[in-house]
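Residue-level structural notes
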Amino acid sequence: MAVVLDVENLKTYFHTEYGLVKAADGVGFHVDQGEIIGLVGESGCGKTVSILSVMQLIQSPGEIVEGKVMFEGKDILDYEANGLEMRAIRGSKMTMIFQEPMTSLNPVLTICRQMTEILELHLNMDRHSARERSIELLRMVGVPDAAGRIDDYPHQFSGGMRQRVMIAMAISCNPMIIFADEPTTAVDVTTQAQLLELMKDLVTRLNTSLVIVTHNLGVVARYAQRIYVMYAGRIVEYGPAEDIFENPRHPYTIGLLNSVPRLGEKRGARKLIPIYGLPPNLINMPPTCAFLPRCTYKTEKCESEPWPDLRSVGDNRYVSCYVDIQEKE
Amino acid sequence: MNTPDDNIMVEVKNLKMYFPIVRGLLRHKVADVKAIDDISFYIKKHETLGLVGESGCGKTTTGRCILRLYQPTSGSIIFEGKDISTEGEGKLKPLRANMGAIFQDPYGSLNPRQTAGSIVGDPLKVHNMATGTELEDRVAELLRLVGLHPAMRNRVPHEFSGGQRQRIGVARALACRPSLVICDEPISALDVSIQAQIINLLEELQEKMGLTYLFIAHDLSVVQHISDRVAVMYLGRIVEITTSEELYENPLHPYTKALLSAIPIPDPKLEKTRTRIVLKGEVPSPVNPPIGCHFHPRCNLATDECSQTRPPLRDVGGGHQVACLRV
């Protein structure tokens, strides 16, 4: 399958008054055409910063220090963040669905204006056909009475409906890749199920790639084909979803899976094993593995050596750990 | 319900809580938000009852009615054998020492200017349960109980992490040795790796102190993990109550089935075999809920009768109660 996006060694640092925050520190991932991948990690681990960097939406004091983002055969980090080339990609070939639809839609413009703007700008449609197309898009994402509601303002929509509008906007220019940043965290579970099914149907139908950024392991287990696990600004493990859930190889991934309750487990059947300690403060990090203070598998080597690079452990699996954690006992 | 009374910690009977919507200069009532619309359930001693539902279904209001932070519109709340639903403020004070509350947001529920020690010690002072060195000792003991070092007592909330802050909230709730603790979404504001720490803490404390919990949350997998029995709420009403195992293995109400199927399980192999019921539409407004069964406009089993008659919560055997005409 053709690779749509290939990110290599992406480093985004924030120069704060307390010190340098390495929010993304050598992140690499690739996305194939029509593939759904999951980027998993806790808050503050750099998942959002990574995808914002790919779209060049990082603002001062943040800075993309290093890295390559190959998209359609070109390194798009060479483009000016606000230059013509980048603006032609952003919002049309590469789109994003944000977490909170109330803050990502403009409250003083009608849905029609916000949707037609994209179509007029990127596809040179005239106002009338852009409106027709917007109504059609709203129908596609399941907004009831689309023609009647297109002139409404965002506050007249419920949270789930607003997120549908966001999805409609994201697919409006037939993008190559959609980034969904915690797309369902702000909505209820039954609405979450509706939205995720909708997104999955749409990407299959349009043969688009989808990157789901989330902290919810269940969501990625259900939809993602491959998973990247992030911790403290780096990818610590990646591979096919099924293998990672069945046989996690990084202590952090193991910890995450052991610490979440699963539906259907009998009460008391399994005691949750929390990950002790706290996620690290990203300011002035030590050179050793960031998970070291919380790790239950650590060896002497981990204390003295720098943070290990990702290494192949077979079957398209990669893990950044010195310890060889074999099959689950 | 044929359980003997002395085994029951709290029983809620036909509880209604309506919030009036007022309009205009004269503030006349134009409608009611029917936050809780006639619910009944009980919690046995030393048990955990989970209360799940989507936002706006009335689960937090239920917890607050039991704590008597609200004056219920009608119905009774029998706490340790006594109806507290109409008690005046004066009589409520000693009762409240017997009930603890843990809130969702560990940032908003702690006074940022108070030290951890004084937050935890306040309930003891209010209820005249300890003074002087006794108070100091008790605070230290409580902090240790929830896994914090007593030396941290002089810190203010912003010096703690989210998980530690929630531990302070737990210590405060337990200060007066309550018998019932209302946990209102105690972990949903925490990071995934920290959630398990708090869940385990709550479980350990329950065992150690013989606590009774009302555990309110929207995440059914967490609720199922911690609860003995689970009540599912939809738009102000309880649609199903049963043991947490039975709820997963044999859900009867169409809403419970949809809710269960909507929750993804972190196991891709299992996920492939699960059938998904995707509900159509959205939760209606509690100001103007549908007539008959509240769930009927979204239900695939609904008949004409469902849009006319409110289904009673009835026992289908083994304490499994469900409110559906078609089951």
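What counts, and where the lines are drawn
- Residues numbered from 1 in each chain as written.
- Chains lettered and ligands numbered in written order.
- Predicted model: local features only at pLDDT ≥ 70, side-chain atom pairs only at ≥ 80, totals over all residues.
- Helix = DSSP H or I, 4+ residues; strand = E, 2+ residues; numbered from the N terminus.
- Rg over C-alpha atoms; globule rule 2.2 N^0.38 Å.
- Buried ≥ 20, exposed ≤ 12 C-beta atoms within 10 Å, placed from the backbone.
- Contact = placed C-beta atoms within 7 Å.
- Domains from an automatic or database assignment.
- Nonpolar A, V, L, I, M, F, W, Y, C, P; charged D, E, K, R; others polar.
- Pairing = 2+ DSSP bridges.
- Axes fitted to C-alpha atoms, helices over the stretch in contact; angles between N-to-C directions.
- Parallel < 35°, antiparallel > 145°, perpendicular 65-115°, else oblique.
- Left-handed = near helix turned anticlockwise from the far one by under 90°.
- pLDDT = per-residue confidence, 0-100.

A few points about the overall build of chain B
- Of regular secondary structure, chain B possesses 10 helices and 12 strands.
- Relative to the 2.2 N^0.38 estimate, which gives 20 Å for 327 residues, the radius of gyration of chain B is 21 Å and therefore close to what a compact globule would have.
- Once the C-alpha set of chain B is aligned to its principal axes, its extents read approximately 65 × 60 × 45 Å.
- Looking at chain B residue by residue over its 327 residues, the buried ones come to 46%.
- Sequence-distant contacts in chain B: of pairs separated by 6 or more residues, those separated by 24 or more amount to 64%.

Points about the domain arrangement of chain A
Residues and elements named next belong to chain A.
- According to the domain assignment, chain A contains domain 1 (3–93 + 176–319) and domain 2 (104–172).
- Between the C-alpha centres of domain 1 and domain 2 there is a distance of 29 Å.
- Facing 13 residues of domain 1, the contacting portion of domain 2 comprises 10 residues.

Quick word on the interface of chain B and chain A
- The interface of chain B with chain A comprises 37 residues on the first partner and 39 residues on the second.
- At the level of elements, α6 (192–209), α7 (220–226), α8 (244–249), α9 (254–262) and α10 (268–273) of chain B are the ones that each hand at least two residues to the side of chain B that touches chain A.
- Counting residues per element, the side of chain B that touches chain A draws most heavily on α6(B), at seven residues.
- Among the residues making up the side of chain B that touches chain A, the classes are represented as 17 nonpolar, 11 polar and nine charged.

Regarding the sheet that holds strand β9 (residues 226–231) of chain A
Residues and elements named next belong to chain A.
- Taken in spatial order, the eight strands of this open sheet run β6-β7-β8-β3-β9-β10-β12-β11, and their pairing is mixed. Every interior strand has two partners, whereas the edge strands, β6 (94–97) and β11 (311–312), have only one.
- Inspection of the sheet shows strand β10 (residues 234–240) paired to strand β12 (residues 318–319) by two bridges, in the antiparallel sense. From the neighbouring strand, Y238 faces β12, where its bridge partner is Y318.

Details of the environment of B:I36
Residue and element names in this part refer to chain B.
- Secondary-structure assignment places I36 in strand β2 (residues 28–44).
- Along the primary structure I36 and V120 are separated by 84 residues, whereas in three dimensions their C-alpha atoms are 32 Å apart.
- Those residues in contact with I36 that lie beyond four places of it in its chain are L15, K16, M17, G58, T61, T62, C65 and G236.

A look at the packing of helix α3 (residues 116–126) of chain B against helix α5 (residues 162–174) of chain B
All names here are of chain B.
- It is the contact of α3 with α5, at a shortest axis distance of 7 Å, that shows an interaxial angle of 25 degrees. Overall, the two elements α3 and α5 adopt an arrangement that is roughly parallel. Crossing hand, α3 versus α5: right-handed. Contact with α3, carried on its side by A116, I119, V120 and P123, involves I168, A171 and R172 of α5 and no other residues of that element.
- Considered class by class, the residues forming the contact of α3 with α5 number six nonpolar, no polar and one charged.

Here we look at the confidence of the model for chain B
- Mean pLDDT for chain B: 92, with 98% of residues reaching 70 or above.
- As scored by the predictor, the complex reaches a pTM of 0.88 and an ipTM of 0.82.

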